[in-house]
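# Examination of the molecular architecture
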Amino acid sequence: MLEVSGLTVRFGGITALDHVGFTVDAGQLVGLIGPNGAGKTTLFNCLTRRYQADEGSIRCGDTDLLSVAPHAIVELGIARTFQNLGLFPQLSVRDNVLVGAHSHARAGFLSAALRLPSVRREEARLGTEADDLLDRLGLTAVAEHPATGLPFGTLKRIELARALAARPKLLLLDEPCNGLSHGEVDEFEALLREIRAERDLTVIVVEHHMGFVMGICDRVICLEFGRKIADGTPAEVQNDQAVRDAYLGTAA
């Protein structure tokens, strides 16, 4: 599904990613962990072309992602959520989810302006898909509510719904458990397991909640100061001394 090789990103004199490489097989759920500033979100921003890599390559299937325009990434089946919520606060929950489906809209400017029958049919189809997602994620009751002012756990589910509206094959989740209570984390873990199975998703998740990461991921990759220091099963990474020293810590 994904092959990252020698990925390097520099910001002035700071090397945010230093020749990072790994592969992700189709259907895997891979955790990306490490201290703040390790380069996790920078990696996501390279995968979605928000940042330009200085060296290295990223391939998704047969496609060289570094040659793809940022706006075309979603059309390859890659969608993401954000560490800091990227919702439109004044839009309704339903409209926020519909934003995620924009890549599947085929109406041109003229046909949309004229409100041709094909445009109305397309809007109805995308609206039905959005409503199904809202129902699946327990958001129907707040569908017409503005995104602003809703509980944080609800906003996280809205972001997930918007990403799923893009019909991704590869889903990138940036700290989805950040700010959630223990109960909400458990609920999100169960939901992600179900969604992953239902939609045959490949998932990469950046997360600091180690109970979540170790409980749901097939593989875990650890970064420190932009370098990969471990890559293996949750048990292997959890017991890796370099990971303990850099991130997990040891018993007092």
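In this report, the structure presented in the accompanying data block is examined. All values reported here derive from a predicted model rather than from experimental measurement. (Residues numbered from 1 in each chain as written. Predicted model: local features only at pLDDT ≥ 70, side-chain atom pairs only at ≥ 80, totals over all residues. Heavy atoms only, no water.)

## Brief notes about the overall build of the protein
Scanning the protein from terminus to terminus reveals nine helices and ten strands. For the C-alpha atoms alone, the extent of the protein along its principal axes is close to 65 × 40 × 30 Å. Put simply, the protein has 252 residues, and 47% of those count as buried. A separation of at least 24 residues holds for 68% of the contacts in the protein among residues at least 6 apart in sequence. (Helix = DSSP H or I, 4+ residues; strand = E, 2+ residues; numbered from the N terminus. Buried < 20%, exposed > 50% of the residue type's maximum accessible area, 1.4 Å probe, protein only. Contact = heavy atoms within 4.5 Å.)

## Points about helix H6 (residues 182–199)
Three or four residues apart is the spacing at which side chains of an α-helix point the same way, because the helix has 3.6 residues per turn. Counted at 1.5 Å a residue, the expected span for H6 with its 18 residues is 26 Å, and the 26 Å between its end C-alpha atoms agrees. Listed as buried for H6 are Val185, Phe188, Glu189, Leu191, Leu192, Ile195 and Arg196. (Expected span 1.5 Å × (residues − 1).)

## Here we look at unusual backbone geometry
In the Ramachandran plot, Arg49 falls in the positive-phi region, its phi being about 65 degrees despite a non-glycine side chain. With respect to the secondary-structure elements, Arg49 resides in the loop between helix H1 (40–47) and strand E4 (55–60). In this structure Arg49 comes out as buried when scored by relative accessible area, which is 12%.

## As for the sheet that holds strand E5 (residues 63–64)
Across a sheet, paired strands are connected by hydrogen bonds in the backbone, their directions being either parallel or antiparallel. The four strands are arranged E2-E1-E4-E5 in an open sheet whose pairing can be described as antiparallel. For this open sheet the edge positions go to strand E2 (14–24) and E5, each flanked by a neighbour on one side alone. Where strand E1 (residues 2–11) lies against E2, seven bridges are found, and the strand directions are antiparallel. Bridged to Arg10 within E2 is Thr15. The strands touched by H1 are E1, E2 and E4; relative to E1, the strand with the most contacts, the crossing angle is about 115 degrees. (Pairing = 2+ DSSP bridges. Axes fitted to C-alpha atoms, helices over the stretch in contact; angles between N-to-C directions.)

## Thoughts on the packing of aromatic side chains
One pass over the full model with this rule turns up two aromatic pairs. Ring centres 5.3 Å apart and planes at 75 degrees place the aromatic pair Phe11 and Tyr51 in the edge-to-face group. Here Phe11 is found in strand E1, whereas its partner Tyr51 is found in the loop between H1 and E4, with 40 residues between them in sequence. Since its relative accessible area comes to 39%, Phe11 is described here as partly exposed. (Phe/Tyr/Trp six-rings, centres within 6.5 Å; stacked < 30°, edge-to-face > 60°.)

## Regarding the nonpolar core
Ile33 and Phe212 are the most contacted members of the largest nonpolar core, which has 49 residues in total. Looking at this core element by element, the count peaks at six residues for helix H5 (residues 152–164). Domain assignment of the residues forming this core places at least three in each of domain 1 (2–77 + 168–249) and domain 2 (90–152). Setting aside residues no more than four positions away along its own chain, Phe212 makes contact with Cys177, Val185, Phe188, Glu189, Leu192, Val205 and Glu207. Leu2, Phe44, Leu47 and Ala72 belong to the second largest nonpolar core, which has 30 residues in total. (Core = buried A, V, L, I, M, F, W, Y, C linked by side-chain atoms within 4.5 Å. Domains from an automatic or database assignment.)

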